[in-house]
Amino acid sequence: MSSFTLKLETPRLLLREFQISDKIAFATYRSAPEIAKYQSWDIPYSEAQAAAFIESLQNLTPGILGEWYQLAIELKSTGEMIGDCAFCILADDGKQAEIGFTLARQHQGKGYATETVTCLLNYLFKQQKLHRVRANCDPENIASIQLLERVGMRREGHFIKSLWFKNNWVDELWFAMLHDEF
Ligand SMILES: CC(C)(COP(=O)(O)OP(=O)(O)OC[C@H]1O[C@@H](n2cnc3c(N)ncnc32)[C@H](O)[C@@H]1OP(=O)(O)O)[C@@H](O)C(=O)NCCC(=O)NCCS
């Protein structure tokens, strides 16, 4: 059965499906404590885990309601895989999505995440014609908060100890943008 894969492009980046050759870069940045701190996985994140994760993404179709779709971020100038981003169109009404993003430490501070999230928002609002896109992060995740504010998402809520995460109850900040605001 053939599957549809998504490829998006920005001035400096390709957002493309994962390849098995991404596994070393992926395992390396996922194993960095500052990258994993606010994310779901534990460290170290092995190459075997990376390979299994990449395998699990093969043949997924973008936009299936309720399913996360993960894209690798490739730097066009060098071909390096520098991070990843993801979206999930929420199953309840099919008109809202949640997004997520990660950049390898050495590629932060250059605007690549801003470019990635702007591209994702463009895809979700203009091509998928969604009504609302949301994102959440830990209130201590300053880089993530600044990124979400930089792309124009609104800080809408601060939930107190609403998430059981890595053996603690943690707060969640929720951000969102509406179609007409993009
Ligand atoms: C969240 C995360 C992706 C943000 O990365 P980032 O590098 O801060 O964001 P950008 O790539 O957009 O870069 C922005 C920085 O580059 C600078 N910059 C340089 N050129 C730029 C350009 N062309 N456009 C925009 N910003 C640019 C900005 O001024 C900003 O610098 P500052 O941090 O000193 O203010 C990153 O911190 C990360 O991967 N964290 C770990 C994973 C994580 O927690 N993910 C979120 C879970 S909710």
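What you are looking at is a predicted structure, and each value in this text was computed from that prediction instead of being measured. (Residues numbered from 1 in each chain as written. Predicted model: local features only at pLDDT ≥ 70, side-chain atom pairs only at ≥ 80, totals over all residues. Heavy atoms only, no water.)

Novice: Describe the overall build of the chain, with residues and values.
Specialist: Counting its secondary structure elements, the chain contains five helices and eight strands. Secondary structure elements of the chain, listed N to C terminal, follow the sequence β-β-α-α-α-β-β-β-α-β-α-β-β. The C-alpha atoms of the chain give 16 Å as radius of gyration, which agrees with the globular expectation for 182 residues (16 Å, within 12%). With respect to the three principal axes, the spread of C-alpha positions in the chain is 40 × 35 × 35 Å. For the chain, with 182 residues in total, the buried portion stands at 46%. Residue pairs at least 24 apart in sequence account for 61% of intrachain contacts in the chain once pairs closer than 6 positions are excluded. Accessible surface, the chain: about 9,600 Å² in total, of which carbon and sulfur atoms supply 52%. Between the mean site of the 19 positive side-chain charges and the mean site of the 23 negative ones, the chain shows a separation of 4 Å. (Helix = DSSP H or I, 4+ residues; strand = E, 2+ residues; numbered from the N terminus. Rg over C-alpha atoms; globule rule 2.2 N^0.38 Å. Buried < 20%, exposed > 50% of the residue type's maximum accessible area, 1.4 Å probe, protein only. Contact = heavy atoms within 4.5 Å. Areas by Shrake-Rupley, 256 points an atom, 1.4 Å probe, with all protein chains shown as cover. Lys, Arg positive; Asp, Glu negative; His and termini not counted. Charge placed at Lys NZ, Arg CZ, Asp CG, Glu CD.)

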